[in-house]
Amino acid sequence: MIGALVVVVQVALLALAVYGVVLTVLNRPPDVWTKRAAGAVVALLVLQAAIGAVQVFSGTALPETTTFLIYLVVSVCVLPIATQFATAEPTRWGGAVVAVGAIATAVAVWRLQGLWVPVA
């Protein structure tokens with residue numbers, strides 16, 4: 001895992017969560033910018049997942065490889081699902097759904113960083 005990429009992903013997820021909360025407070029449904037912002041964050045997550053998977057499958061041994069790979073998949077899947085739910089029926093609470101999805105994904109990424117302990 002690349003430490004700088006993890007920081008960029010975490011900051012992007014936090015920004016998306018704040019954006020979702022602001023939409024909810026302003027009583028506005030998610031718009032096209034919500035989808036674009038979530039798409040940009042998902043692109044970062046896919047990049048991170050690809051790098052992590054390549055490292056694991058190219059021989060990096062981890063104490064909990066299966067758990068790491070599960071969190072890797074979860075980190076990529078949660079935000080698109082939350083965004084789909086938020087935009088399927090646009091109400092003021094759609095922003096809150098995006099915010100919760102971003103926070104849940106941030107926790108998964110934080111856990112991934114904790115599981116990244118290569119064994120010699």
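1. Considering the pattern of salt bridges
All chains considered together, the criterion is met by one salt bridge. Between Arg28 and Asp31 there is a salt bridge, with the nearest N and O atoms lying 3.6 Å from each other. Given the relative accessible area of 40%, Arg28 is considered partly exposed. By relative accessible area, Asp31 is classed as partly exposed at 23%.

2. Quick notes on the packing of helix α2 (residues 32-57) against helix α3 (residues 65-88)
Between α2 and α3, whose axes approach to 10 Å, the crossing angle comes to 165°. One way to sum up the angle between α2 and α3 is to call them roughly antiparallel. Pair α2 / α3 crosses with left-handed handedness. In this structure, α2 uses Lys35, Ala38, Val41, Val42, Leu45, Val46, Ala49, Gly52, Ala53, Val56 and Phe57 to contact α3, whose residues at the interface are Thr65, Phe68, Leu69, Leu72, Ser75, Val76, Leu79, Pro80, Thr83 and Thr87.

3. With respect to the packing of α3 against helix α4 (residues 94-115)
Remark: α3 packs on α4, axes separated minimally by 8 Å, with the N-to-C direction vectors making an angle of 170°. Here α4 runs roughly antiparallel to α3, going by the angle between their axes. Contacts between α3 and α4 pair Thr67, Phe68, Tyr71, Leu72, Val74, Ser75, Val78, Leu79, Ala82, Thr83, Phe85 and Ala86 from the former with Gly94, Val97, Val98, Gly101, Ala102, Ala104, Thr105, Ala108, Val109, Arg111, Leu112 and Leu115 from the latter. Here the contact of α3 with α4 is built from residues that sort into 17 nonpolar, six polar and one charged.

4. Concerning the packing of aromatic side chains
Scanning all chains against the criterion turns up one aromatic pair. Aromatic side chains Phe68 and Trp116 sit 5.3 Å apart centroid to centroid with 45° between the ring planes, which places their arrangement in the tilted category. In this pair, Phe68 sits in helix α3 while Trp116 sits in the segment after α4, placing the two residues 48 residues apart along the sequence. The pair formed by Phe68 and Trp116 is uniform in burial state, with each residue classed as buried. Note that Arg92 overlies the ring of Trp93, its terminal NZ or CZ placed 4.7 Å from the centroid.

5. Here's the deal with the UniProt feature "transmembrane region" (unreviewed entry) in the chain
Here the UniProt feature "transmembrane region" (unreviewed entry) sits at residues 36-56, 68-87 and 93-112. Structurally, residues 36-56 comprises 100% helix and 0% strand, and the distance from its first C-alpha atom to its last is 30 Å. Within residues 93-112, the helical portion is 95% and the strand portion 0%, while the C-alpha atoms at the span's ends are 29 Å from each other.

Analysis parameters
- Residues numbered from 1 in each chain as written.
- Predicted model: local features only at pLDDT ≥ 70, side-chain atom pairs only at ≥ 80, totals over all residues.
- Heavy atoms only, no water.
- Salt bridge = Lys/Arg side-chain N within 4 Å of Asp/Glu carboxyl O.
- Buried < 20%, exposed > 50% of the residue type's maximum accessible area, 1.4 Å probe, protein only.
- Axes fitted to C-alpha atoms, helices over the stretch in contact; angles between N-to-C directions.
- Helix = DSSP H or I, 4+ residues; strand = E, 2+ residues; numbered from the N terminus.
- Parallel < 35°, antiparallel > 145°, perpendicular 65-115°, else oblique.
- Left-handed = near helix turned anticlockwise from the far one by under 90°.
- Contact = heavy atoms within 4.5 Å.
- Nonpolar A, V, L, I, M, F, W, Y, C, P; charged D, E, K, R; others polar.
- Phe/Tyr/Trp six-rings, centres within 6.5 Å; stacked < 30°, edge-to-face > 60°.
- Lys NZ or Arg CZ within 6 Å of the ring centre and 35° of its normal.
- UniProt positions renumbered as here; feature names shortened; annotations may be inferred.

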